[in-house]
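Residues per chain are reported as follows:
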Amino acid sequence: LGEDAVKQYGEDTLCDAFLWHVISHESSHPLGRTREGLDSSVRGYLRDHYSTIEECKADTLGLYHFDLLAERGVISEDVRDAAYASFTAGIFRSIRLGTQSDHAKANLIFLNYQIARGGITVNDEGLYVPDTDMFREAVTSLARELLTIEGEGDYQRAGDFLRIYGEVT
């Protein structure tokens, strides 16, 4: 990623993308539904898996909202696409010291999920690069999965998901 993204989008666009993602991430925390009959909070059902799933959900929905913001003309498509590049670079800043924190673990899950679906690929220079169309598809798929886990309060599914995508490869 790196210098190519700065050349492609420009520093101002990348800064706008980063800022919009932070705002959208934080706005995404309260989003989601729980199935009828759950008499406890999602945190209560997901227990030790909750914080990682929640942070990954907020990151993912934050990126999902970029399509909606671009469609409505709130941001340009360049800012949307720059957000994918900015977030991809940010993953490595987040996990560089390990994945003990829920934010870092959530970023690792996002990275592994994207790689598995072709949303992030490694180019000939060894750089991780988002493929805009595949990235968007994987964001939608991941958002659906995380919202379902939280909505159903499914501890087992959350644990399985974390084991599949939460390991450094």
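The structure we're discussing is the one just above.
A quick note: this is a predicted structure, and the numbers were derived from the prediction, not measured. (Residues numbered from 1 in each chain as written. Predicted model: local features only at pLDDT ≥ 70, side-chain atom pairs only at ≥ 80, totals over all residues. Heavy atoms only, no water.)

S.K.: I tried to follow the environment of Ile120 on my own but got confused; where do I start?
M.R.: Its location among the elements puts Ile120 in strand β1 (residues 120-122). Overall, Ile120 belongs to the buried group, its relative accessible area being 2%. When the C-alpha atoms of Ile120 and Ala138 are compared, they prove to be 9.5 Å apart, with 18 residues separating the residues in sequence. Setting aside residues up to four positions removed in sequence, Ile120 forms contacts with Thr88, Ile91, Leu111, Gln114, Ile115, Tyr128, Val129, Pro130 and Phe135. (Helix = DSSP H or I, 4+ residues; strand = E, 2+ residues; numbered from the N terminus. Buried < 20%, exposed > 50% of the residue type's maximum accessible area, 1.4 Å probe, protein only. Contact = heavy atoms within 4.5 Å.)

S.K.: Is there a simple way to think about helix α7 (residues 132-152) in this case?
M.R.: An α-helical turn contains 3.6 residues, so a residue and the one three or four places further along point in the same direction. For α7, with 21 residues, the first-to-last C-alpha span of 30 Å sits near the 30 Å given by 1.5 Å per residue. Phe135, Ala138, Val139, Leu142, Ala143, Glu145, Leu146, Ile149, Glu150 and Gly151 are the residues of α7 that are buried. Immediately downstream of α7, the backbone of Gly153 shows phi near 60 degrees, a positive value. (Expected span 1.5 Å × (residues − 1).)

S.K.: What exactly am I supposed to notice about the side chain of His65 here?
M.R.: Relative to the elements of secondary structure, His65 occurs in helix α4 (residues 50-71). Among the polar contacts listed, one links the side chain of His65 to the backbone oxygen of Leu61, at a separation of 2.9 Å. Not counting the four nearest positions on each side in its chain, His65 is found in contact with Ser24, Ser28 and Leu31. (Polar contact = N/O pair within 3.5 Å; in protein donor to acceptor, adjacent residues only side chain to side chain.)

S.K.: Please clarify how helix α8 (residues 155-165) should be interpreted in this entry.
M.R.: Inspection of α8 places Ala158, Gly159, Phe161, Leu162 and Tyr165 among the buried residues, and these make up the whole buried set. Buried residues in α8, looked at end-on, bunch into an arc of 160 degrees, giving them a common side. Each element contacted by the buried residues of α8 is listed here: α3 (42-46), α4, α6 (102-116) and α7. Here α8 starts with a cap whose side-chain oxygen sits 3.3 Å from the backbone nitrogen of Gln156, and that cap is Asp154. (Arc of directions from axis to C-beta.)

S.K.: I'm lost on unusual backbone geometry in this one. Help?
M.R.: Excluding glycine, most residues fall at negative phi; most peptide bonds, likewise, are trans. Even without being a glycine, Arg47 presents a positive backbone phi close to 45 degrees. Counting through the fold element by element, Arg47 comes out in the loop between α3 and α4.

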